[in-house]
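# Examining the three-dimensional arrangement
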Amino acid sequence: MRSSIARRAAVFGSAALLLLGPVAASAQADPVEPGVSDQAAKLPAELIDAIQRDLSLSPDQYLEHSELGQKLAEFAKIARTQFPDAFAGTWLDNAGTPIVGLADGADKDAAVAAAEKAGFQVKDVAQSESSLQAQVKSLDGWLDTQPPAVADLVRGVAIDIVNNDLVLRADNNVGGLQLPDFLKGARVVQSPATAAPLPSTDLTPIAEPLPADALLGGDAYGSLGGGVGLRCSLGFNGTDSSGRPVNITAGHCDPNRDAAGTSEASEAFSLVPGGTGPRIGTFAKTSLDIHDYSIIRADDSAAHRFENNGVRVPGAAPVAITGTADPIVGAPVCKSGLTTGFTCGVVTSVAQTVSVGERTLADSFSTSMCALQGDSGGTIVTGTLALGISSASNVGQYPICQVADVVTFVLGESPELFATPINEVLAENPGLRVRTS
């Protein structure tokens, strides 16, 4: 990790980390806009149940908080350029209040005026985002001076915007990690493990085609390549630069990654009760290090099955994706996967770099959601917007989420799901689009 942290110090960007519990409903919520109510009426029952169970929010509040998160994300893009001396990040608090952190600086008065004009609450903090980013660079330089036995303990770093400090990710054994004085206030939390796909030995293609049922985000699929079979969850349906139907899922769900896009590429199969269905496509592109995603190009015979913008619990009614979003700390999110269905939480970290096993996940965000084996590659949404692809979890080894909740509570932690932002995938693949109709 020492060398990868040093090489990638520049990609930390504007990281943020907040260990939030479930978002509580605001005691003085704003009146519900008609458009929000219309959207709420279209959410599937399974998603509504997860929102109420995991977030203690109504469907209308979930959509309102998601919309506020995107308004904060847009404000942050502008403020980072216009008010670099004062800007210290944006987030939603537990009640869904949009907050802008500002430090003392030459441009603070103008930043306060802009934030308040936008309807956001201002919070005074000690350090600007640029100052915290400088500490990340100092950490990188300090790690270069340490022996590997010490430096390799650091598996990732993020800026905790809510507490205005740094957070380090490390392996379980952190006894040898003696931080320098400028990091004495930093918290150390456990690094994640891969949200592994389910190994499978019975993924054998069959010749008979099944009825032309649609395939949606969150549905189960099998991948077969290099003699290895895996079970994962489909991500967002989309189209590539030539307009062909594709599905955007996780890179670690491709069992033969080096062959992606060639005649030896891994194959994807639909999964049906009792076994494997017909082939639905092949892995056209796979990325594992830095960004974790794969693009499955649909076979001509299966193309019509991907021509939809739905996300669902396998076999249930879908939520229609209306666009894409950027992660913002505190924003409500929900994921769908073949093992745990819909689970919901909040964004806890954005734009962070973290090691997952032997690979590095950069530009990633984390959430307070449970994900288990088989959920890999599934969709993460905020409101009705596509947000990310499930990549890694700190509780993937447990059999059910209830066990994961109890164990992490005893350890003083909570479930975390790490993800690759969908907008990072789209930016890396010109012409690639997520279906919105």
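With 6 of its 6 residues buried, strand 2 (residues 87-92) lies for the most part within the structure. Here strand 2 runs beside strand 3 (residues 98-102); their pairing, made up of 4 bridges, is antiparallel. Within the sheet, the bridge partner assigned to Phe87 lies in strand 3 and is Leu102. Counted along the chain from strand 2 to the antiparallel partner strand 3, the turn is 5 residues long, and its residue Gly96 has a positive phi close to 85°.

Inspection of every chain in the model, using the stated rule, returns 13 salt bridges. Across the pair Asp54 and Arg53 runs a salt bridge, and its minimum N-O distance is 2.7 Å. On the accessibility criterion, Arg53 (52% relative accessible area) is exposed. A salt bridge links Asp326 to Lys77, with the shortest nitrogen-to-oxygen separation between them at 3.0 Å. Linking Asp326 in the loop between strand 19 (323-324) and strand 20 (332-337) with Lys77 in helix 4 (residues 59-82), this pair joins segments that are 249 residues apart in sequence. Taken together, the shared-partner salt bridges in this structure form one network comprising Glu74, Lys77 and Asp326.

A separate point is the state of the cysteines. This structure, assessed with the given rule, holds 2 disulfides. Sulfur-sulfur distance for the disulfide between Cys232 and Cys253 comes to 2.1 Å. On the sign convention where negative means left-handed, the S-S torsion of about -95° between Cys232 and Cys253 marks this disulfide as left-handed. Taken together, the residues Cys232 in strand 11 (residues 228-233) and Cys253 in the loop between strand 13 (245-249) and strand 14 (267-272) connect sequence positions 21 residues apart. Disulfide partner of Cys334: Cys344, at an S-S distance of 2.1 Å. Because the torsion about its S-S bond is 100°, the bridge between Cys334 and Cys344 counts as right-handed. Here Cys334 is found in strand 20, whereas its partner Cys344 is found in strand 21 (residues 341-356), with 10 residues between them in sequence.

The rules behind these values
- Per chain, the residues get numbers from 1 upward, laid out in the order the sequence is written.
- Where local features are concerned, this predicted model is filtered to residues with pLDDT of at least 70; where side-chain atom pairs are given and counted, the filter is 80 or more; whole-chain, interface and lining totals use all residues.
- With hydrogens and water set aside, each side-chain value is computed from the structure's full complement of heavy atoms.
- The buried label goes to any residue with under 20% of its type's maximum accessible area, the exposed label to any with over 50%, and the partly exposed label to all in between, with areas taken from a 1.4 Å probe on protein chains only.
- Working definition: helices are DSSP H or I runs of at least four residues, strands are E runs of at least two. Numbering for both runs from the N terminus.
- One requirement defines pairing of two strands: DSSP has to find at least two bridges between them.
- A pair is scored as a salt bridge if a Lys or Arg side-chain nitrogen falls within 4 Å of a carboxyl oxygen belonging to Asp or Glu.
- In plain terms, two cysteine sulfur atoms within 2.5 Å form what is called a disulfide here.

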